[in-house]
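# Reading the structure
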Amino acid sequence: MQLSEHCWAVTGLACTPPWTVNAGFIVGRHTTLVVDTGANVLAAATIHGYASLARPGNRLRVIDTEKHFDHIGGNAWFRERGADVFGHPGIVRTEEEFRAEIAEYNRAIPDAARRALGEAAVFYAGTSLALPNQPVAADTVFDLGDLEVHVLLTPGHTPTNLTAHVPAESVVYCGDCTVNGYLPNLDCGAAPEWRQWLDSLDRIERLAAAVVVPGHGPVARGSEVRELIERVRGVLGEALRTGASPTQP
Ligand SMILES: [Zn+2]
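All of the points below concern the structure found in this document. If you're wondering where the values come from, they're calculated on a predicted model, not measured in any experiment.

Tallying secondary structure elements over the protein gives eight helices and 12 strands in all. Since a compact globule built from 249 residues should have a radius of gyration of about 18 Å, the 17 Å found for the protein is in line with a globular shape. Structurally, the protein occupies a C-alpha span of about 50 × 45 × 30 Å along its principal axes. Counting contacts in the protein only where the partners sit at least 6 residues apart, residues at least 24 apart contribute 65% of the total.

Spelled out as structure tokens, the structure:
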């Protein structure tokens, strides 16, 4: 969907139920910046198709908002087509971790016959692991041609989380710093990381964006932006009070 003159979101890409995952792209005069690549090669091909058509002839670049596989699963598709993939240097994932992710996906399949057939292999067919080849270790400005994207370090959900801000159009892509409707996943860290996450939310809030594309769930606009941030803040505050993630038994 088009969010503003140069900003787009690709929402509702397949992910482990009940989750869908979002991606997006920002179209400058000479460069199109893709934000996240989906969980698998099918998602990547969809994002790539839309991003390529938005302004044919543009150079494609990719940025990963974090290290989890639902955001980087399509990296290889873009790397194979010559696109540089930018990401936090902490995005270091192994083949073993990727195989474990596929096994976990298979365990989440509700139907026993499909589980026994290992249908997770269909979800991940043709998908291979590719890490970012361009590190982003500090806040960075990308010039896409008459359009700037400010990439900010926003750790907390993971140490690798990045946020892309398009000031000229008041659009923010914040990955899993916020998820809309879903309970956020706090299981990668504990109190120190949750406090860091709250700092990152403050930073995102100060951008005063008109539109926020969360990592998962519907795009937030206008007054929904504040509600989105407040909700995640509330879950983090409760976890800090109790000392436990809501999804960790
Ligand atoms: Zn995610």
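Back to the text.
Moving on, we come to the sheet that holds strand S9 (residues 162–166). Sheet architecture is open: six strands sit in the order S7-S8-S9-S10-S11-S12, paired in mixed fashion. The open sheet has two edge strands, strand S7 (140–143) and strand S12 (220–221), and neither has a second partner. Two elements, strand S8 (residues 148–153) and S9, share four bridges in a ladder whose sense is antiparallel. Within the sheet, the bridge partner assigned to leucine 152 lies in S9 and is threonine 163.

Once that is clear, we can look at unusual backbone geometry. Following proline 17, the chain continues into proline 18 via a peptide bond in cis, with omega recorded as 5°. You can see proline 18 is positioned in the loop between strand S1 (7–14) and strand S2 (20–27). Even without being glycine, aspartate 146 reaches a positive phi, approximately 60°. Take aspartate 146: it is sitting in the loop between S7 and S8. Residue classification places aspartate 146 among the exposed positions, given that 10 C-beta atoms sit within 10 Å.

Moving on: the sheet that holds S2. On the basis of which strands lie adjacent, the open sheet formed by six strands has the order S1-S2-S3-S4-S5-S6 and mixed pairing. Of all the strands in the sheet, just S1 and strand S6 (134–135) have a single pairing partner and so form its edges. Note that S2 and strand S3 (residues 31–35) share four bridges and pair antiparallel. Bridge pairing in S3 places valine 27 opposite threonine 32.

Within S3, four of the five residues are buried, which leaves the element mostly enclosed by the surrounding structure. Here S2 hands over to S3 after three residues, the two strands then running antiparallel side by side. Of the strand pairs in this sheet, S3 and strand S4 (residues 59–63) are connected by five bridges, and their pairing is parallel. Within S4, the residue paired with threonine 31 across the bridge is arginine 59.

The next subject is the packing of helix H7 (residues 191–206) against helix H8 (residues 223–242). Viewed as axis vectors pointing N to C, H7 and H8 meet at an angle of 160°, and their least axial separation amounts to 10 Å. Classified by the angle their axes make, H7 and H8 are roughly antiparallel. Remark: the crossing between H7 and H8 carries left-handed chirality. Touching Ala191, Trp194, Trp197, Leu198, Leu201, Ile204 and Glu205 of H7 are Ile229, Val232, Arg233, Leu236, Ala239 and Leu240, all from H8. Of the residues that constitute the contact of H7 with H8, the class distribution is 11 nonpolar, no polar and two charged.

As a further point, take helix H1 (residues 41–54). When the terminal C-alpha atoms of H1 are compared, their 20 Å separation across 14 residues agrees well with the 20 Å that a helix rising 1.5 Å per residue should span. What H1 keeps buried is the set Val41, Leu42, Ala43, Ala44, Ile47, His48 and Ala51. Lining the buried residues of H1 we find S1, S2, S3, S4 and helix H3 (75–80).

Each value, and the rule that gives it
The numbering scheme is per chain: residues are counted from 1 as the chain's sequence reads. Totals for whole chains, interfaces and linings use every residue, but because this is a predicted model, local features are given only for residues with pLDDT of at least 70 and side-chain atom pairs only at 80 or more, for both listing and counting. Only DSSP runs of H or I with at least four residues qualify as helices, and only runs of E with at least two residues qualify as strands; both kinds are numbered from the N terminus onward. Values of the radius of gyration come from C-alpha atoms, whereas the globule rule sets the reference at 2.2 Å times the count of residues to the power 0.38. Placing C-beta atoms from the backbone, we regard two residues as in contact once those atoms come within 7 Å. Each pair of strands is called paired provided DSSP finds at least two bridges between the two strands. Put plainly, a residue is buried at 20 or more neighbouring C-beta atoms within 10 Å of its own, exposed at 12 or fewer, and partly exposed in between, counting only other residues' C-beta atoms, which are placed from the backbone. Orientation is described by axes fitted as lines to C-alpha atoms, over the contacting stretch for helices, and by angles from 0 to 180 degrees between their N-to-C directions. Any angle between 65 and 115 degrees counts as roughly perpendicular, while under 35 counts as roughly parallel, over 145 as roughly antiparallel, and the rest as oblique. Helix crossings are classified by the rotation of the near helix relative to the far one: an anticlockwise turn of less than a right angle makes the crossing left-handed, while a clockwise turn makes it right-handed. Note on residue classes: Ala, Val, Leu, Ile, Met, Phe, Trp, Tyr, Cys and Pro are nonpolar, Asp, Glu, Lys and Arg are charged, and everything else, Gly too, is polar. Under the convention used throughout, the expected extent of a helix is 1.5 Å for every residue step, that is, one less than its residue count.

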